[in-house]
Amino acid sequence: MTTRIVVGIDGSESSRAALDWAYDEAKRWGADLDVVHAWSYPYAYGVEGAVVVPPQTLADDATKLGEEEITALRTRRTDGVKVTLVVEEGGAAHCVLDRAKDAAMVVVGSRGHGGFYSLLVGSTADQIVHHAVCPVVVVRPPQG
């Protein structure tokens, strides 16, 4: 069985740092890399005049973002690691955890929004750290 590393992305600077780190680690281990990008359909109950976006448009946009991130990764890293893009509908933590059930490691960025604790780690990373069945690495982007 091939060793797999799973990394969650969302297009943020933090997830790009996680993607770079995970790619380098996959190269060291001779592992495959699964890049997971989750999307969810927004809820707009009781919003008069809300624009309805077809789910396929959201899925296509998520796939495009994932492909762009992998293309950018390939310009930064030129050696051969097998990279698979996984685009799924659902909560980010759920999708990453589901994909990581039999992985050697899961990698996510630390993208916090609000509160002192979330300055250290975002809510998705927090859920993954507490519920993953494999080692988890939370990557912070370089401070510049």
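Residues numbered from 1 in each chain as written. Predicted model: local features only at pLDDT ≥ 70, side-chain atom pairs only at ≥ 80, totals over all residues. Heavy atoms only, no water.

Draft legend 1. Fine view of the overall build of the protein. The helix and strand inventory of the protein stands at five helices and five strands. For the protein, with 144 residues in total, the buried portion stands at 40%. Carbon and sulfur atoms make up 53% of the accessible area of the protein, which amounts to about 8,400 Å² in all. (Helix = DSSP H or I, 4+ residues; strand = E, 2+ residues; numbered from the N terminus. Buried < 20%, exposed > 50% of the residue type's maximum accessible area, 1.4 Å probe, protein only. Areas by Shrake-Rupley, 256 points an atom, 1.4 Å probe, with all protein chains shown as cover.)

Draft legend 2. Quick peek at the packing of helix α1 (residues 13-29) against helix α2 (residues 55-76). The contact between α1 and α2 brings their axes to 11 Å, and the two run at 55°. In this view, α1 runs oblique relative to α2, as classed from their interaxial angle. For the crossing formed where α1 meets α2, the hand is right-handed. Touching R16, L19, D20 and Y23 of α1 are E69, L73, R74 and R76, all from α2. Looking at the contact of α1 with α2, its residues break down into three nonpolar, no polar and five charged. (Axes fitted to C-alpha atoms, helices over the stretch in contact; angles between N-to-C directions. Parallel < 35°, antiparallel > 145°, perpendicular 65-115°, else oblique. Left-handed = near helix turned anticlockwise from the far one by under 90°. Contact = heavy atoms within 4.5 Å. Nonpolar A, V, L, I, M, F, W, Y, C, P; charged D, E, K, R; others polar.)

Draft legend 3. Focus on the side chain of D34. For D34, the location among the structural elements is in strand β2 (residues 32-39). Of the polar contacts made by the side chain of D34, one reaches the side chain of R4; its length is 2.4 Å. In this structure D34 touches R4, I5, V6, V7, T84 and R99, once residues within four positions along its chain are discounted. (Polar contact = N/O pair within 3.5 Å; in protein donor to acceptor, adjacent residues only side chain to side chain.)

Draft legend 4. A look at the packing of helix α3 (residues 92-99) against helix α5 (residues 123-131). Contact geometry of α3 with α5 gives a least axis separation of 9 Å together with a crossing angle of 35°. Along this stretch, α3 crosses α5, giving a crossing that reads as right-handed. Residues A92, A93, V96 and L97 of α3 form the contact with α5, whose own contacting residues are T124, Q127, I128 and H131.

Draft legend 5. Quick look at the sheet that holds strand β3 (residues 83-89). With parallel pairing, the five strands of this open sheet are ordered in space as β3-β2-β1-β4-β5. The open sheet has two edge strands with one neighbour each: β3 and β5 (136-139). The sheet shows a mean angle of 20° between the axes of neighbouring strands, direction not considered. Sheet topology places strand β1 (residues 4-8) next to β2; five bridges connect them, and they run parallel. Across the sheet, residue R4 finds its bridge partner in β2, namely D32. Of the strands in this sheet, β2 and β3 touch α2, which is tilted by about 155° from β3. Contacting β1, β2, β3 and β4 (105-109), α3 crosses the sheet at an angle of about 155° to β2. (Pairing = 2+ DSSP bridges.)

Draft legend 6. Local environment of the confidence of the model for the protein. Summary statistics for the protein give a mean pLDDT of 83 and a share of 84% for residues scoring 70 or more. Low pLDDT (under 50) marks residues 112-118, which in the prediction has six contacts with non-local residues, meaning those over four places away or in another chain. (pLDDT = per-residue confidence, 0-100.)

Draft legend 7. Seen up close, the pattern of salt bridges. By the definition in use, this model includes six salt bridges. As a salt-bridge pair, R4 and D102 come within 2.3 Å of each other at their nearest N and O atoms. Residue R4 is found in strand β1, and its partner D102 is found in the loop between α3 and β4; the two are separated by 98 residues along the sequence. Salt bridges here are not isolated pairs; linked through shared partners, they connect R4, D34, R99 and D102. (Salt bridge = Lys/Arg side-chain N within 4 Å of Asp/Glu carboxyl O.)

Draft legend 8. Here's a closer look at the nonpolar core. In this structure, I5, V7, L19, L33, V35, V83 and V107 are the most contacted members of the largest nonpolar core, which totals 19 residues. Per element, the largest residue contribution to this core is six residues, and it comes from α1. In contact with V7, other than residues within four places in its own chain, are A18, L19, A22, L33, D34, V35, V36 and V107. Residues V6, C95, L97 and A103 belong to the second largest nonpolar core, which totals 15 residues. (Core = buried A, V, L, I, M, F, W, Y, C linked by side-chain atoms within 4.5 Å.)

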